Every structure is written in structure tokens, then in C-alpha cells.
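Spelled out, the chains give:
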Amino acid sequence: MQDGKLSREHSVALLEKLAKDDAFRAGFEKDPDAALRSIGVDEATLASLDAAGCRAPMRLAGKAVFQAELDRYRDSEEECLTMISPLLRLGSGEASR
């Protein structure tokens with residue numbers, strides 16, 4: 001399993017798009033790599049992300065789930081976002097609590 005992480009900037013952009021943009025959501029469900037590229041994620045970062053956990057086609061949770069996580073993430077001091085749709089997990093890279 002790879003352990004790459006999105007930057008905070010890309011994490012916020014991703015959550016915003018998944019919370020509000022129907023076209024982006026549809027594209028992300030079919031081709032997460034292309035969707036991540038569209039928000040500026042570079043190839044090296046993309047290659048470092050877990051292919052099975054966040055880069056495989058998937059059915060997303062509802063927009064409200066992503067909006068709630070976006071609000072929580074913006075208010076947190078957490079460093080990273082782990083996405084295993086439809087679940088999201090905020091964390092600093094340490095073991096889960």
C-alpha cells in the first residue's frame with residue numbers, strides 16, 4: 001500500500017468539488033486520476049496515492065457527507081485527508097485513535 005498524501009490545498013479543493021460540483025463528482029466516480037489532475041495534483045503525488053483506496057473508480061457518498069468533512073477539515077489542525085469512499089478519515093499520519 002502506498003502512503004502518499006494530498007496537500008492541504010488539494011484536499012480542500014477536492015472536498016469542495018465533491019461537496020458541490022455534480023459534474024466533477026460524476027467524473028471522479030469514473031476516473032479519479034483525471035479528476036485529481038483537474039484540480040492540480042501532479043503525477044508524482046498521484047502515483048504515490050493508494051491505487052485501491054482512492055484512485056479506483058467508486059461510488060461516492062452524498063454531497064452532504066463531503067460538506068460536513070470539509071467544514072470539519074477546515075476547522076482542524078489535521079495534516080492529511082484519507083479517502084476511502086464513501087468514508088473519509090482525517091489524520092496526522094499517526095495511528096488511528
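Relevant structure appears above.
Our subject in this report is the structure included herewith. (Residues numbered from 1 in each chain as written. Predicted model: local features only at pLDDT ≥ 70, side-chain atom pairs only at ≥ 80, totals over all residues. Heavy atoms only, no water.)

### Structural notes on the overall build of the protein chain
Counting its secondary structure elements, the protein chain contains six helices and two strands. Starting at the N terminus and walking to the C terminus, you meet the elements of the protein chain as α-α-α-α-α-α-β-β. Evaluated residue by residue, the protein chain yields a buried proportion of 39% over its 97 residues. Total accessible area on the protein chain stands at roughly 5700 Å², and carbon and sulfur atoms take up 50% of it. (Helix = DSSP H or I, 4+ residues; strand = E, 2+ residues; numbered from the N terminus. Buried < 20%, exposed > 50% of the residue type's maximum accessible area, 1.4 Å probe, protein only. Areas by Shrake-Rupley, 256 points an atom, 1.4 Å probe, with all protein chains shown as cover.)

### A word on the packing of aromatic side chains
Applying the stated rule across the entire model yields one aromatic pair. Sitting above the plane of the Tyr-73 ring, Arg-8 keeps its charged end 4.4 Å from the centroid. (Phe/Tyr/Trp six-rings, centres within 6.5 Å; stacked < 30°, edge-to-face > 60°. Lys NZ or Arg CZ within 6 Å of the ring centre and 35° of its normal.)

### Thoughts on the pattern of salt bridges
Taken as a whole and judged by the stated rule, the model has six salt bridges. One salt bridge connects Glu-16 with Arg-74, and the closest N-O pair in it is separated by 2.0 Å. You can see Glu-16 sitting in helix α1 (residues 8-20) and its partner Arg-74 sitting in helix α6 (residues 63-74), a full 58 residues away along the chain. Overall, Glu-16 belongs to the partly exposed group, its relative accessible area being 29%. (Salt bridge = Lys/Arg side-chain N within 4 Å of Asp/Glu carboxyl O.)

### Here we look at the environment of Val-41
For Val-41, the location among the structural elements is in the loop between α3 (32-38) and α4 (43-48). With relative accessibility at 4%, the residue Val-41 sits in the buried group. Each residue touching Val-41, except ones within four places of it in the same chain, is listed here: Leu-6, His-10, Leu-36 and Leu-46. (Contact = heavy atoms within 4.5 Å.)

### Some details on the side chain of Thr-45
In this fold, Thr-45 is placed in helix α4. With residues near it in sequence (within four places) discarded, Thr-45 still touches Lys-5 and Leu-6.

### Some details on the packing of α1 against α6
A pair of packed helices is captured by two measures, namely the crossing angle of their axes and the spacing between those axes. Contact geometry for α1 and α6: axes closest at 7 Å, N-to-C directions at 150°. Judged by the angle between their axes, α1 and α6 are roughly antiparallel. Along this stretch, α1 crosses α6, giving a crossing that reads as left-handed. On α6, the residues that touch Arg-8, Ser-11, Val-12, Leu-15, Glu-16, Leu-18, Ala-19 and Lys-20 of α1 are Lys-63, Phe-66, Gln-67, Glu-69, Leu-70, Tyr-73 and Arg-74. (Axes fitted to C-alpha atoms, helices over the stretch in contact; angles between N-to-C directions. Parallel < 35°, antiparallel > 145°, perpendicular 65-115°, else oblique. Left-handed = near helix turned anticlockwise from the far one by under 90°.)

### Some remarks on the nonpolar core
Within the largest apolar cluster, 21 residues are counted, with the highest numbers of intra-cluster contacts made by Leu-14, Leu-18, Phe-24, Phe-28, Leu-36 and Phe-66. Residue assignment for this core shows that the elements contributing at least two residues are α1, α2 (22-30), α3 and α6. Here this core gets five residues from one element, more than from any other, and that element is α1. Not counting residues up to four positions away in its chain, the partners in contact with Phe-24 are Leu-14, Lys-17, Leu-18, Ala-35, Ser-38 and Ile-39. (Core = buried A, V, L, I, M, F, W, Y, C linked by side-chain atoms within 4.5 Å.)

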